[in-house]
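Descriptive structure summary
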Amino acid sequence: MSERKVLNKYYPPDFDPSKIPKLKLPKDRQYVVRLMAPFNMRCKTCGEYIYKGKKFNARKETVQNEVYLGLPIFRFYIKCTRCLAEITFKTDPENTDYAIEHGATRNFQAEKLIEEEEKRVQKEREEEELNNPMKVLENRTKDSKLEMEVLENLQELKDLNQRQANVDFEAMLKLHKEYEQELKCRQEEEDEKEMKAMLDQANHSRRIVDSESDEEETKPHPRAVVKSRPTDILDEVSEVQIKKPKMESWEKSVGKLSTKSQLTGLVVMKKCPEKQQSGSEAQNNGTSSQNMDVFRSNSAGSKAQPLLMPSSSVASSLSQLGAYSDSESSSSD
């Protein structure tokens, strides 16, 4: 098998390269290339701005009969993006730039145009001086006069500035210091006024508070009236003497035998006439003492409290019933 990628080709012994026909192409032939606009330009037809760096499919050709130091010059054809008008520009190897030819104007080229105009005038002058020595002398006299005029104008401007701008630095510093002192004094005065106003306001508020406190002090405070009676001592003594008897636990559930004076009248004990007289006297004495105690407590205006009869005059209901049964048995006998 033969190789897929052939590096060497076979040349027969009767091969003659001069017999190979050559392709004849025109010298001004054009190629389609992809390029970017080399500078900012404006279309003359529609006024559309084409900025530097915009990409175009351009046609390229070699300029005939134009060579710079053996370097060929190329021409490019592009179309406006708005009106499709044709714009042409070519290379400028002398200035390492591009030159616009047709269909648009280059923007931001004022400085370059001025430089080109100066170069053109300088070149014309050199050509004139090369063949005419009198022209050289005239140009020199014109240059000297122009220099003298420029120097005179400059001196006049300097004198005018010195007359109009006489600056006294000491006076300026003095004025500045005076202004600073005046500003400082004004600030101090304003601070003093503010402090005075604040103090006046504080004093006024204090006076108002003092006047209000004086008015409150002058008003008589109501005092608690203590009612003292001579019988209050008896109430205190009766409260100390009267104590509730202790209740046992079994009395809470079963109940206790009543010892109130109200139940004493239910049972009547039969006694001898002598005993009855002594008992009636004792009862009268007890009731009189009880009535005195009630009268004293009512006169003192104290709370009603239960009155306990003395233990000698109060007997239990069971003992009274026993005594009553005994008296009945004795009478029957």
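None of these values were measured; they are calculated from a predicted model.

Looking now at the pairing of strand β6 (residues 86-92). The buried fraction of β6 amounts to six of the seven residues, a majority that puts the element mostly inside the structure. Here strand β5 (residues 71-79) runs beside β6; their pairing, made up of five bridges, is antiparallel. Counterpart to Phe-76 in the pairing with β6 is Phe-89. Linking two consecutive strands that pair antiparallel, namely β5 and β6, is a turn of six residues; a positive phi of about 60° is found at Leu-84 within it. Pairing of β6 with strand β7 (residues 97-102) involves five bridges; the strand directions are antiparallel. Across the sheet, the residue bridging to Thr-91 is Tyr-98, located in β7. In this antiparallel pair of consecutive strands, β6 and β7, the connection spans four residues, and Thr-96 shows a positive phi of 50°.

Spatial strand order, β1-β4-β5-β6-β7: five strands in an open sheet with antiparallel pairing. The open sheet has two free edges, formed respectively by β1 (31-36) and β7, since each of these has just one partner strand. Put simply, the sheet's adjacent strands are angled 40° from each other on average, direction ignored.

It is worth spelling out helix α2 (residues 133-164) at this point. Its 32 residues place the ends of α2 47 Å apart at the C-alpha level, agreeing with the 46 Å of an ideal helix rising 1.5 Å per residue. The backbone nitrogen of Met-134 has a side-chain oxygen 3.4 Å away, supplied by the residue at the start of α2, namely Asn-132.

Rules of the game
- Note that residues are indexed from 1 along each chain, following the sequence as it is written.
- For this predicted model, a pLDDT threshold of at least 70 governs which residues receive local features, and a threshold of 80 or more governs which side-chain atom pairs are given and counted, while totals over whole chains, interfaces and linings are taken from all residues.
- Where side-chain values are given, they derive from all heavy atoms of the structure, hydrogens and water being excluded.
- Remark: exposure states derive from per-residue accessible area (1.4 Å probe, protein chains only) relative to the maximum for the residue type, with buried under 20%, exposed over 50%, and partly exposed in between.
- Going along the chain from the N terminus, every DSSP run of H or I of four or more residues is numbered as a helix, and every run of E of two or more is numbered as a strand.
- Paired strands, in this sense, are two strands between which DSSP finds at least two bridges.
- Interaxial angles span 0 to 180 degrees and are taken between N-to-C directions of axes, which are lines fitted to C-alpha atoms, for helices over the stretch in contact.
- By definition here, a helix of n residues has an expected span of 1.5 Å times n minus one.
- Polar contact is the term for a pair of N or O atoms within 3.5 Å; when the atoms are in protein, one must be able to donate a hydrogen and the other to accept it, and sequence-neighboring residues count only if both atoms are side-chain atoms.

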